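# Inside the fold
Spelled out from the first residue to the last, the chains are:
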Amino acid sequence: MSEVFEGYERQYCELSANLLKKLTSASLLDGEHKKQKISEVKAGVDDAEALIRKMDLEARALQPNVKAVLLAKLREYKSDLNNLKSEIKRIASASLNQAARDELMEAGMADTLTVSASQRDRLFVSTKRLNKSSDRIQESRKVMLETEDLGVSLLQDLHQQRQSLSHANNTLHGVDDNIGRSRRIITSITRRMNRNKWIIGAVVTVLVIAIIVILYFKLSK
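It should be emphasised that the depicted structure is a prediction, and the values quoted were computed from it without experimental measurement.

Right, let's get into the overall build of the protein. When helices and strands are tallied, the protein shows six helices and zero strands. Listing the helices and strands of the protein from first to last along the sequence gives α-α-α-α-α-α. If you take every contact in the protein between residues at least 6 apart in sequence, the share linking residues at least 24 apart comes to 70%. A total of about 15400 Å² of accessible surface is found on the protein, and carbon and sulfur atoms cover 58% of it.

Quick look at the packing of aromatic side chains now. One pass over the structure, following the stated rule, counts two aromatic pairs. With a centroid separation of 4.7 Å and an interplanar angle of 40°, the aromatic rings of Y12 and Y77 are classed as tilted. Of this pair, Y12 sits in helix α1 (residues 3-27) while Y77 sits in helix α3 (residues 64-96), and the two are 65 residues apart along the sequence. In terms of burial, Y12 and Y77 fall into one category: buried.

Turning to the UniProt feature "transmembrane region" (unreviewed entry) in the protein, a few remarks are in order. Those places that UniProt annotates as "transmembrane region" (unreviewed entry) correspond, in this numbering, to residues 198-217. Between the first and last C-alpha atoms of residues 198-217 the distance is 29 Å; the span itself is 100% helix and 0% strand.

Counting 27 residues, the largest nonpolar core has Y12 and L74 as the members making the most contacts within it. For this core, the element with the most residues is α3, which contributes eleven residues. When residues no more than four places from it in sequence are discounted, the contact partners of Y12 are A48, L51, I52, M55, Y77 and L81.

Moving on to the packing of α1 against helix α2 (residues 31-60). Put simply, α1 and α2 touch, their axes get as near as 9 Å, and they point 160° apart. Classified by the angle between their axes, α1 and α2 sit roughly antiparallel to one another. The handedness of the crossing between α1 and α2 is left-handed. Of the residues belonging to the contact of α1 with α2, the class tally is 16 nonpolar, four polar and eight charged.

We now examine the pattern of salt bridges. In this structure the tally under the stated criterion is eight salt bridges. Between K22 and E40 there is a salt bridge, with its nearest N and O atoms 3.9 Å apart. On the criterion of sequence distance, the pair formed by K22 in helix α1 and E40 in helix α2 is long-range, its members being 18 residues apart. Of the residues examined, K22 reaches a relative accessible area of 23% and is grouped as partly exposed. With its nearest N and O atoms 2.8 Å apart, the salt bridge here joins D56 to R60. Taken together, the residues span about one helical turn, with D56 and R60 both in helix α2 at a distance of four residues. What emerges from the salt-bridge pattern is a single network uniting K22, K37 and E40.

An α-helix turns once every 3.6 residues. As a result, residues three or four positions apart point the same way. With 25 residues, α1 should cover 36 Å at 1.5 Å per step; its first-to-last C-alpha distance of 36 Å lies within 8% of that length. Taken together, the buried positions of α1 are occupied by F5, G7, E9, Y12, L15, S16, L19, L20, L23, A26 and S27.

The grouping of I209, V213, Y216 and F217 at the surface amounts to a nonpolar patch, some 420 Å² of accessible area in total. With respect to the helices and strands, the residue I209 is situated in helix α6 (residues 197-220).

In this model, α2 (30 residues) spans 44 Å end to end at C-alpha, consistent with the 44 Å of a helix rising 1.5 Å per residue. Residues of α2 that are buried: K34, I38, V41, G44, V45, A48, L51, I52, M55, D56 and A59.

Definitions and limits used
- Residues numbered from 1 in each chain as written.
- Predicted model: local features only at pLDDT ≥ 70, side-chain atom pairs only at ≥ 80, totals over all residues.
- Heavy atoms only, no water.
- Helix = DSSP H or I, 4+ residues; strand = E, 2+ residues; numbered from the N terminus.
- Contact = heavy atoms within 4.5 Å.
- Areas by Shrake-Rupley, 256 points an atom, 1.4 Å probe, with all protein chains shown as cover.
- Phe/Tyr/Trp six-rings, centres within 6.5 Å; stacked < 30°, edge-to-face > 60°.
- Buried < 20%, exposed > 50% of the residue type's maximum accessible area, 1.4 Å probe, protein only.
- UniProt positions renumbered as here; feature names shortened; annotations may be inferred.
- Core = buried A, V, L, I, M, F, W, Y, C linked by side-chain atoms within 4.5 Å.
- Axes fitted to C-alpha atoms, helices over the stretch in contact; angles between N-to-C directions.
- Parallel < 35°, antiparallel > 145°, perpendicular 65-115°, else oblique.
- Left-handed = near helix turned anticlockwise from the far one by under 90°.
- Nonpolar A, V, L, I, M, F, W, Y, C, P; charged D, E, K, R; others polar.
- Salt bridge = Lys/Arg side-chain N within 4 Å of Asp/Glu carboxyl O.
- Expected span 1.5 Å × (residues − 1).
- Patch = residues over 30% accessible without salt bridge, like charges linked within 9 Å, V, L, I, M, F, W, Y side chains within 5 Å.

This is the structure in structure tokens:
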């Protein structure tokens, strides 16, 4: 996997965990402190989106098998970030209705406690969802590493096969050279046939037999 992608991913995971903590803290605050904490979370969300865009660009530049795993992981990150943004909107909207909640508190503490418990339940569900996403990230990373190992093994096999083919090609060139030398010998012997027909006939016969044997062994390999 790309070291650049891993760097962005590490920054995103750390930022996401920090944003979740801030959001949980914001849900327990009131007034200006709550608004300030929500503003910090929104700024962090912008940074998280920028990191996701960088990871997306980096993933699309990688090999197809690795790219598919990383893009699937990015879809999960985007989904988690959208859930976080929805939670921000909900808490921010609740902050805008502070006056209404104050009236409810005056009307009865029981209703207020119920609302707070509901908020904590939703935050607990969001935390649990993020933890599950982290588990999926670890599993995706494991699958990606296994895919990389398989790719390296395939490349090594292909390299060995290429070396074998190169060696076979060199062997064929050596055989062609031997055949060329044999042809030159035959030509030389043929020129001598005019001086001694019977001797050259015998030599030619021997050479023909030798060539047949060479071709036989060559074809039988």
